[in-house]
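Summary of structural features
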Amino acid sequence: MTPILALQSILGVFQLLDAFQVTCYPMVHRATTYREFSLGFSLTPVLISLMLINVGYLFTRKMYTETLVLAYVSIVLFFFKGLDVSVAFTSLMLMGVILLGSLRFQDYFTWLLALLAVFKGAALMHWILLPLGVVSPFAWFADLELSLFYFVAKLAPLLVLPLMFMWFLKPLLRWVLGRVRSFVKVI
Amino acid sequence: MALLLFSIFLSVAAALYPHSPFVNPEGNIVGVDILHYVEIAEIVDRDVSLAFKVWGGHRPIIFIVIYGFQRLLGSDVSTAVNFLPVILNPLMIATAFFLAHEAFSDGWIASWAAFFTVCGYQVTVGMYSYFLTNMLALSLAFLSLGFLFRFLRRFGKIDLVLSSILGFLLFFTHPWTFYQYLPAIFLTGAISWYRNRDKFPMVTISLLCFVSLTLVGIFKVLNFVGFRFFPVFSFILATSEGISSFWRGNTFIFRYLYGGLLSYVILLSLALIGIYLMDRKNINELYLTGFLALTSIFFLIGTNMIKSRLFYNIPIGIFASLGFNSIIRLNISEDLKKILITFVILTFTVYLFRSLANLV
């Protein structure tokens, strides 16, 4: 089950980014360009197939309440945000529900990283073949990887703050936690 | 050791990759500053003593290195400058390994530090902007600190002398990097003295000895050649934009400057974990924390360009290696460990080559 969950979460995130047309500013041939995240096709049919397998799994585990709640959320999302968003979001929630039920986190992360490694491997093949003058069949993966990198890069200015000021934040956090603990003890 | 060799191989490949005719069919220049280097190196090529006069005489070492490399290749100045990263990249990787090894006495951490340095922004941004001087300076700083840390462990006089000589050379390679790395030694010495007031302050004396040896050398040359003193601090204070524009500047640096190459979120996340886990009781880790603390003050008030250069100089590969090793040493399955290592190697190598391919 975990390989399907891992695949579903990756495809779900891709579909969600595509549906919301998130933007990023990648550097392509030395120029910073504006780009909207786009897969070029819809992953909805694939995600629906995977969701059907997962729903079947939920029924075998007699998790009817969870299935009903997910069905309700997906219908609401469908009316407000359309089919693509609804399917992507529901598949991610479905993955979360099954994972929390089974608690097989290590298996899940192993498969998730394995699938991401295949994706990264395909992108790497493109960059390795490029200087050899070989027409790469992996250009799509490399382009998608570029967009993902620059989309996630939006977090960098935030990450830098704790990174630079950890020398101050760490003792501060300890002090605050110490105060909270003594306060709780007094109560 | 295999990872170190792989990292060195990657660093050489990184220097050659953007020059490939299929990656760069139009033969565009690779780095922003390359033309300045060629121009000045041509002057030095006519008379090598001019290395101490060009660029205000602040950075003679890099032009002597270019001059020597050019003679070694038997090529023209332009070719020597274009291919200098072939020696600078592996040098930086090897010195990062050395520093991490001396700081943590752990070959595994040191190997990953080398890998995260070659596949981190120090090589990609270095190639993008062609920070030849800065890259050489980082190598010297890593080497100097490595010998200093070794001295603090073994108290071998040769280590201290080597460390001081390298610190001295660092000043004449890239004063900015020197000023960024030196004050933390004072701070570490002071904290160490405060903590060990009752004991014989060997560490403090050693650190002061290192600083004084380096400074004596610098003052002698300053007196002899007549350089401007401390231009960096006055420049930072004079151009300070203050805290009000901090966030705007921060976004600019990490989103647009250097093509957004500084914004490697996985690297930054690993480094963040590493920094969090550092133990200030250990003198080496105390230095690294002090270095970050002092850097962060100027990072807070400096201009965008200063901030970006301060951030570039942080030994991010070493911090990332600490963070990654803490994850690997968690109680996780062997399969997950193996796949995590594979994923990290692939994702970092993709970052390196993708960034280099888009430089031209």
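Worth saying up front: this structure is predicted, and the values here are computed from it rather than measured.

1. Things to note about the overall build of chain B
- Each helix and strand in chain B was counted, giving 19 helices and zero strands.
- Since a compact globule built from 360 residues should have a radius of gyration of about 21 Å, the 20 Å found for chain B is in line with a globular shape.
- The principal-axis extent of the C-alpha atoms belonging to chain B is close to 65 × 60 × 45 Å.
- Every one of the 360 residues in chain B was classed for burial, and the buried ones make up 54%.
- Of all intrachain contacts in chain B linking residues separated by at least 6 positions in sequence, the fraction that spans at least 24 positions is 75%.

2. Observations concerning the overall build of chain A
- Within chain A, the regular secondary structure consists of seven helices and four strands.
- Computed over C-alpha atoms, the radius of gyration of chain A comes to 21 Å, more than 25% over the 16 Å expected from 2.2 N^0.38 for 187 residues, which places it beyond the range of a compact globule.
- The 187 residues of chain A split such that 30% are buried.
- Long-range pairs, those at least 24 residues apart, make up 62% of the contacts in chain A with a sequence separation of at least 6.

3. With respect to the environment of A156(A)
- Inspection of the secondary structure puts A156(A) in helix α7 (residues 156–186).
- As for A156(A) and P131(A), which are separated by 25 residues in sequence, their C-alpha atoms are 30 Å apart.
- Not counting chain neighbours up to four residues away, the residues in contact with A156(A) comprise F254(B), L262(B), S263(B), V265(B) and L268(B).

4. Points about the interface of chain A and chain B
- Contact residues are listed per partner, giving 40 residues for chain A and 43 residues for chain B.
- Listed by contribution, the elements that provide at least two residues to the side of chain A that touches chain B are β2 (27–28), α5 (105–129), α6 (139–152) and α7 of chain A.
- If one sorts the elements of the side of chain A that touches chain B by residue count, α5(A) sits on top with twelve residues.
- The residue makeup of the side of chain A that touches chain B, split by class, is 30 nonpolar, six polar and four charged.

5. Things to note about the environment of F186(B)
- Among the secondary structure elements, F186(B) is positioned in helix α11 (residues 183–195).
- Considering only alpha carbons, one finds F186(B) and L208(B), 22 residues apart in sequence, at a separation of 7.2 Å.

6. Digging into the nonpolar core
- If you look at the biggest cluster of nonpolar residues, it comprises 165 residues, and the most contacted ones within it are A96(B), A100(B), A113(B), L262(B), A271(B) and L352(B).
- Residue contributions to this core peak at 15 residues, all from helix α8 (residues 132–154) of chain B.
- Counting the residues that make up this core, at least three belong to each of domain 1 (18–83) and domain 2 (89–357) of chain B.
- Not counting the four nearest positions on each side in its chain, A271(B) is found in contact with L163(A), I316(B), F319(B), A320(B) and G323(B).

7. Here we look at the domain arrangement of chain B
Residue and element names in this part refer to chain B.
- In terms of domains, chain B is made up of domain 1 (18–83) and domain 2 (89–357).
- In this assembly, 16 residues from domain 1 lie in contact with 16 residues from domain 2.
- Broken down by element, the side of domain 1 that touches domain 2 gets its largest block of residues, four residues, from helix α3 (residues 60–73).

8. With respect to helix α19 (residues 334–357) of chain B
- Relative to the 34 Å expected for 24 residues at 1.5 Å per residue, α19(B) spans 35 Å between its end C-alpha atoms, a close match to the ideal helical length.
- Burial analysis of α19(B) places 17 of its 24 residues in the buried class, which makes it a mostly covered element.

9. Details of the packing of α11(B) against helix α16 (residues 283–301) of chain B
Residues and elements named next belong to chain B.
- Running from N to C, α11 and α16 cross one another at 125 degrees; their axes reach a closest spacing of 8 Å. When the axes of α11 and α16 are compared, the pair comes out oblique. Helix-helix and strand crossings are classified by hand; for α11 and α16 the assignment is right-handed. Counted together, P183, A184, I185, L187, T188, I191 and S192 of α11 and I283, L286, Y287, G290, F291 and L294 of α16 form the full contact between these two elements.

10. Description of the packing of α8(B) against helix α9 (residues 157–171) of chain B
Residues and elements named next belong to chain B.
- Relative to each other, α8 and α9 sit at 160 degrees, their axes nearing to 8 Å. Judged by the angle between their axes, α8 and α9 are roughly antiparallel. α9 is crossed by α8, and the crossing has left-handed handedness. Contacts between α8 and α9 involve A137, L140, A141, L143, S144, F147, L148, R150, F151 and R154 on the former and, on the latter, D159, L160, L162, S163, L166, G167, L169 and L170.
- Of the residues assigned to the contact of α8 with α9, the class counts are twelve nonpolar, three polar and three charged.

Parameters and conventions
Residues numbered from 1 in each chain as written. Chains lettered and ligands numbered in written order. Predicted model: local features only at pLDDT ≥ 70, side-chain atom pairs only at ≥ 80, totals over all residues. Helix = DSSP H or I, 4+ residues; strand = E, 2+ residues; numbered from the N terminus. Rg over C-alpha atoms; globule rule 2.2 N^0.38 Å. Buried ≥ 20, exposed ≤ 12 C-beta atoms within 10 Å, placed from the backbone. Contact = placed C-beta atoms within 7 Å. Nonpolar A, V, L, I, M, F, W, Y, C, P; charged D, E, K, R; others polar. Core = buried A, V, L, I, M, F, W, Y, C linked by C-beta atoms within 7 Å. Domains from an automatic or database assignment. Expected span 1.5 Å × (residues − 1). Axes fitted to C-alpha atoms, helices over the stretch in contact; angles between N-to-C directions. Parallel < 35°, antiparallel > 145°, perpendicular 65-115°, else oblique. Left-handed = near helix turned anticlockwise from the far one by under 90°.

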